[in-house]
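Here's the letter readout for the chains.
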Amino acid sequence: MIGREVRPITYPRGEVRASDFRVVEAGVREPRPGEVLVRNTWTSVDAALRLRLREEAPPGYFPAFPLDEPMDGIMTVGEVLESRADGFAPGDTVWHASGWRDYAVVEAGRQALGGVGTLTRLDLRLAPPQAHLGVLGGNGLTAYAGLFHVAGLRVGDVVWVSAAAGAVGSLVAQMAKIRGHRVIGSAGSDEKVRHLREELGLDAAFNYRAGPLPDLLREAAPDGVDVYFDNVGGDHLEAALGALRRAGRVAICGMISEYTAEEPPQGPGNLMLAVTKGLTIRGFRGSDHAHLLPEMRRQMGAWLRDGRLRCRETVIDGLAQAPVALAALLRGDNTGKTLVRIDEVPHRENALGAARHRG
Ligand SMILES: NC(=O)c1ccc[n+]([C@@H]2O[C@H](COP(=O)([O-])OP(=O)(O)OC[C@H]3O[C@@H](n4cnc5c(N)ncnc54)[C@H](OP(=O)(O)O)[C@@H]3O)[C@@H](O)[C@H]2O)c1
């Protein structure tokens, strides 16, 4: 059997380009005892992949993707074609972390992505398969852990979420609203701002490109904020430090404004405010909170069922389009969760294990 894999061939300088990748046809081997063969149907596109498309990923993070190798550590869902592992049968829908390819041979029980990406059978009564890559998967976990366990949301907190129309941000903002908080969201276009106000029901939203960020934030939150959920870093973090009230908290989830920077970014110039206002600033990774997955799924599942949580998707068709989808996400051309729907495999052969590589 032959399947396609998307492989990086150069590390992008600045913006990600399709030409930084190639699609390779490679033989798919038979599963051994303890393994399953999966045909992937949906694969995730995440901002943080950019951190691994470089010679060295930031210390403490998942490793850089080696050049001209399949990209291990990208969440994917698919259908089990063949199982030699207990607990899995042909026809099961599963998630695992061998994404951006048509087929994967996955070892059951082998930890991936800090436990979040370990081969798992999915409960499709909660939501369709691709939702397990977003709201019921790593994005849901990151949003849930970050808001409730890292920022420690308290009654009466006013919350600002940056990149609020994106996969993680839109979940954070909606969860804080469901819990009865005043929520401000920011995003990079007027259309996204409308989405935040009208579809997600946020109390205030602004386009961060529309003027000086501290002014826009002051207008949206004249009395300041208690929690800042940071997806952006840079000028957004600096503005938040200025707007946070005494004993305010920052959950640093990511710093997307710095991912394509060629020069080391400047730190916030007003960090001393953390001292004067008694702020708590905590970075975190969703995968550090993998034990919260069942609790998060129960809670998100309930909110999805009663229609309180809305989850937009930006769907790009065709495995070969995955790099284009990543570039678009980094530019802000997405709303909600970005997903690649994997097309039917064009080449199938019965000669299992026969390898054929093509540039
Ligand atoms: N800690 C963790 O475990 C964890 C897990 C998942 C994700 N994350 C982080 O969460 C953040 C969101 O990730 P995601 O995968 O959910 O992506 P996403 O929010 O769906 O997409 C990224 C969004 O970032 C915004 N953006 C891009 N460049 C920007 C800039 N220079 N300034 C302000 N906004 C910018 C764009 O929206 P606009 O149109 O609004 O600019 C874009 O849509 C990222 O920082 C990511 O690294 C962290």
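In this report, we go over the structure that sits alongside the text. Keep in mind that what you see is a predicted model, and the values were worked out from it rather than measured.

1. Focus on the pairing of strand E10 (residues 204-207)
So, point 1. Residues Ala-204 and Phe-206 point to one face of E10 and Ala-205 and Asn-207 to the other, with burial holding for every one of them.
So, point 2. Note: strand E9 (residues 182-187) against E10, four bridges, orientation parallel. What sits directly across from Ala-187, in E10, is Asn-207.
So, point 3. With respect to chirality, the unit in which E9 leads through helix H3 (residues 190-199) into the neighbouring parallel E10 is right-handed.

2. Quick word on the sheet that holds strand E13 (residues 280-283)
So, point 1. The strand order across the open sheet formed by six strands is E10-E9-E8-E11-E12-E13, and the pairing between neighbours is parallel. Unpaired on one side and paired on the other, E10 and E13 mark the two borders of the sheet. Strand-to-strand twist of the sheet, defined as the mean angle between neighbouring strand axes without regard to direction, takes the value 15°.
So, point 2. Sheet topology places strand E12 (residues 244-252) next to E13; four bridges connect them, and they run parallel. Looking across to E13, one finds that Val-250 is bridged to Ile-281.
So, point 3. Set on the sheet, helix H1 (residues 138-150) makes contact with strand E11 (225-230), E12 and E13; between it and E11 the angle comes to about 150°.

3. Focus on the pattern of salt bridges
So, point 1. Under the definition given, this model contains 19 salt bridges.
So, point 2. For Asp-102, the salt bridge identified is with Arg-4, shortest N-O distance 2.8 Å. On the criterion of sequence distance, the pair formed by Asp-102 in the loop between strand E5 (93-96) and strand E6 (103-107) and Arg-4 in strand E1 (residues 2-8) is long-range, its members being 98 residues apart. Across this residue pair, the class does not change: Asp-102 and Arg-4 are buried.
So, point 3. Asp-343 serves as the salt-bridge partner of Arg-4, at 3.2 Å between the closest nitrogen and oxygen. Highlighted residues: Arg-4 in strand E1 and Asp-343 in the segment after strand E15 (337-341), separated in sequence by 339 residues.
So, point 4. Classification of Asp-343 by relative accessible area gives partly exposed; the value is 31%.

Analysis parameters
- Residues numbered from 1 in each chain as written.
- Predicted model: local features only at pLDDT ≥ 70, side-chain atom pairs only at ≥ 80, totals over all residues.
- Heavy atoms only, no water.
- Buried < 20%, exposed > 50% of the residue type's maximum accessible area, 1.4 Å probe, protein only.
- Helix = DSSP H or I, 4+ residues; strand = E, 2+ residues; numbered from the N terminus.
- Pairing = 2+ DSSP bridges.
- Right-handed = clockwise from strand over helix to strand, strands pointing away.
- Axes fitted to C-alpha atoms, helices over the stretch in contact; angles between N-to-C directions.
- Contact = heavy atoms within 4.5 Å.
- Salt bridge = Lys/Arg side-chain N within 4 Å of Asp/Glu carboxyl O.

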